[in-house]
Amino acid sequence: MSTKRKRIAELARIHPGLVFTSLNHYLDYEWLLYAYQLTRKDGAVGIDGQTAADYAANLEGNLRDLLERLKSGRYQAPAVRRHYIPKGDGGQRPLGIPTFEDKVAQRAVVLLLEPIYEQDFHDCSYGFRPQRNAHQALRSLRNHIMDESGKWILDVDLRKYFDSIEHTKLRAVLDKRVVDGVIRKLIDKWLKAGIMEQGRLYYAASGTPQGGVISPLLANVFLHYALDEWFVKAVQPRLVGSASLTRYADDFVMVFQTISDASRVWKALEGRMQRFGLQLHPEKTQLIDFRFRRLQQQGWHSDRATTFNFLGFTHVWSKSRRGKWIVLQRTAKDRLARTLKAINERCRLMRHDPIREQQRRLSAMLKGHYSYFGITGNGRALRLVHHQVERYWHKWLCRRSRKSHIPWRNFRSLLNLLPLPRPQIVHSYTRAS
């Protein structure tokens, strides 16, 4: 597997303009087996109700049958099951949950396409890519601001990006690199797959379902041509000052040294996105005055926002212990409120469970929170979460019954016996050159 993927990647790297006309010959039983091994086994089931355990009962037979259908063109992409999850702004985010076999098939195609596009993608892109994550994007953004005199931030929000991708335009950008008939027909089938919601089946004219295995890659490819290539090759060379782009999937910010450059790019960006059928959110897209020197000016006022959020963190200027101005990334208020609400609800639901089981679950939730939000300069927010979790746990233990009141002194003794994880800085950020 690794040898085949390296061969594809090497061809794509040596020949940047090469259009791959034949890729499906790499698909074989071993390729599908590897795709199966990479597929999550604990995910939600699709419309057929088949679990990973059900599929594994006759794994070899199922994979060989899947391979034959993929190669012959007989494979029919099943409809995805619609599911909604809450968003930070109070709305709901629609997810499309494929069947387990469809996840394996999509993963197999991703394994074919990924080595090609990884040679094309720019360093400014971090979402849903191998060996790249959100914390690298946060570190890069922080360094761009501090090391390149970033004073003006263009915080961009694309309205319903995954649902707005026009299939015709997506096919056009895919034509630049991949025209293999088998692979492209499979992608078309996934784009046209129906959506099952509350027992009703309907078909979307545009978009890629969030939740699909191949959707993040297709979304990255589309924004690579719509945004990244344009910014790196057409925008940056024409600017007066320095500028940078940091993108995680459809969430991205641009950093500029001068307000004139920021204003020009904002205006041009609207036209560029419209050309690809995308639209900037008129209320959430804004230009941020992020000059730290204004903090030292007495009586300074501005009608522009002076902080911005990115990947769950609010970015602010602050002084370090040595008295230097640095950018701090603190847990955004909406993310903090969402976390505390979820933990409070968890404490309520499990208040009758054994104490040790409650401590285990709360510890897992805290460790998960620290693993993402535990970055340099965010210690105060971590300590707040830890303190609130102790209060919530105590409150709901006292409500197990009418006689369950626990004095704080006794609860402290319980915490000494079954402690909750203390706040931890997992990601120590330094200014990288």
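Everything that follows concerns the structure shown earlier in this document.
Starting afresh in each chain, residues are numbered from 1 along the sequence in its written order. For a predicted model such as this one, the threshold for reporting local features is a pLDDT of at least 70, and the threshold for listing and counting side-chain atom pairs is 80 or more; totals across whole chains, interfaces and linings nevertheless cover every residue. Working from all heavy atoms in the structure, the side-chain values ignore hydrogens and water.

J.: Would you mind going over the overall build of the protein in detail, with residue names and values included?
T.: Scanning the protein from terminus to terminus reveals 15 helices and 11 strands. Computed over the C-alpha atoms, the radius of gyration of the protein is 25 Å, within 12% of the 22 Å expected from 2.2 N^0.38 for a compact globule of 433 residues. Taking the principal axes of the C-alpha coordinates as reference, the protein spans close to 70 × 60 × 40 Å. Each residue is assigned to one of three classes by its accessible area relative to the maximum for its type, calculated with a 1.4 Å probe on protein chains only: buried under 20%, partly exposed between the two thresholds, exposed over 50%. Taking all 433 residues of the protein together, the buried fraction comes to 47%. The criterion used for residue contact is that any of the two residues' heavy atoms lie within 4.5 Å. Long-range pairs, those at least 24 residues apart, make up 71% of the contacts in the protein between residues at least 6 apart in sequence. Surface accessibility of the protein: about 22000 Å² in total, with carbon and sulfur atoms responsible for 49%. Think of it this way: Lys and Arg go in the positive column, Asp and Glu in the negative one, and His and the chain ends go nowhere. A charged residue contributes its charge at one atom only: NZ of Lys, CZ of Arg, CG of Asp or CD of Glu. In the protein, 73 side chains carry a positive charge and 40 a negative one; their mean positions are 9 Å apart. Helical segments are the DSSP runs of H or I of at least four residues, strand segments are the runs of E of at least two, and each set is numbered from the N terminus. Only C-alpha atoms enter the radius of gyration; for comparison, a globular chain is expected to reach 2.2 Å times N to the power 0.38, where N is the number of residues. Methods summary: accessible areas were calculated by the Shrake-Rupley approach with a probe of 1.4 Å, and residue burial reflects only the protein chains presented.

J.: Describe the environment of Ser320, naming the residues involved and giving the relevant values.
T.: Along the polypeptide, Ser320 turns up in the loop between β10 (313–319) and β11 (325–331). As for Ser320 and Gly377, which are separated by 57 residues in sequence, their C-alpha atoms are 9.1 Å apart.

J.: Lay out the packing of aromatic side chains in plain terms, naming residues and giving numbers.
T.: Geometry of aromatic contacts follows a simple scheme: Phe, Tyr and Trp rings, the Trp one being its six-membered ring, pair when their centres are within 6.5 Å, and the pair is stacked under 30 degrees between planes, edge-to-face over 60, tilted otherwise. Considering all chains together, one arrives at 14 aromatic pairs under this definition. Judged by centre distance (6.0 Å) and plane angle (45°), the ring pair of Phe128 and Tyr248 falls under tilted. Of the two residues, Phe128 sits in the loop between α5 (100–117) and α6 (134–147) while Tyr248 sits in strand β6 (residues 243–248), which places them 120 residues apart along the sequence. A ring pair is formed by Trp408 and Phe411, whose centres lie 5.4 Å apart and whose planes are at 85°; its orientation type is edge-to-face. With Trp408 and Phe411 both in helix α15 (residues 408–417) and three residues apart, the pair spans about one turn of that helix. The class for Phe411 is buried, based on a relative accessible area of 0%. Three or more aromatic residues joined by ring pairs make a cluster, and in this case those are Tyr36, Tyr55 and Phe100.

J.: Go over the sheet that holds strand β5 (residues 200–202), please, and point to the residues and values.
T.: Think of it this way: DSSP has to see at least two bridges between two strands before they count as a pair. Across the sheet, which stays open at both edges, the four strands sit in the order β2-β1-β4-β5 with mixed pairing between neighbours. With partners counted over all chains shown, the strands left at the sheet margins are β2 (92–97) and β5, one partner each. Adjacent strand axes in the sheet meet at a mean angle of 40°, parallel and antiparallel pairs treated alike. Two strands pair when backbone bridges link them, and strand β1 (residues 80–86) and strand β4 (residues 195–197) are joined in this way by two bridges, in the parallel orientation. Fitted lines through C-alpha atoms serve as axes, helices being fitted only where they are in contact, and the angles separating the N-to-C directions of these axes extend from 0 to 180 degrees.

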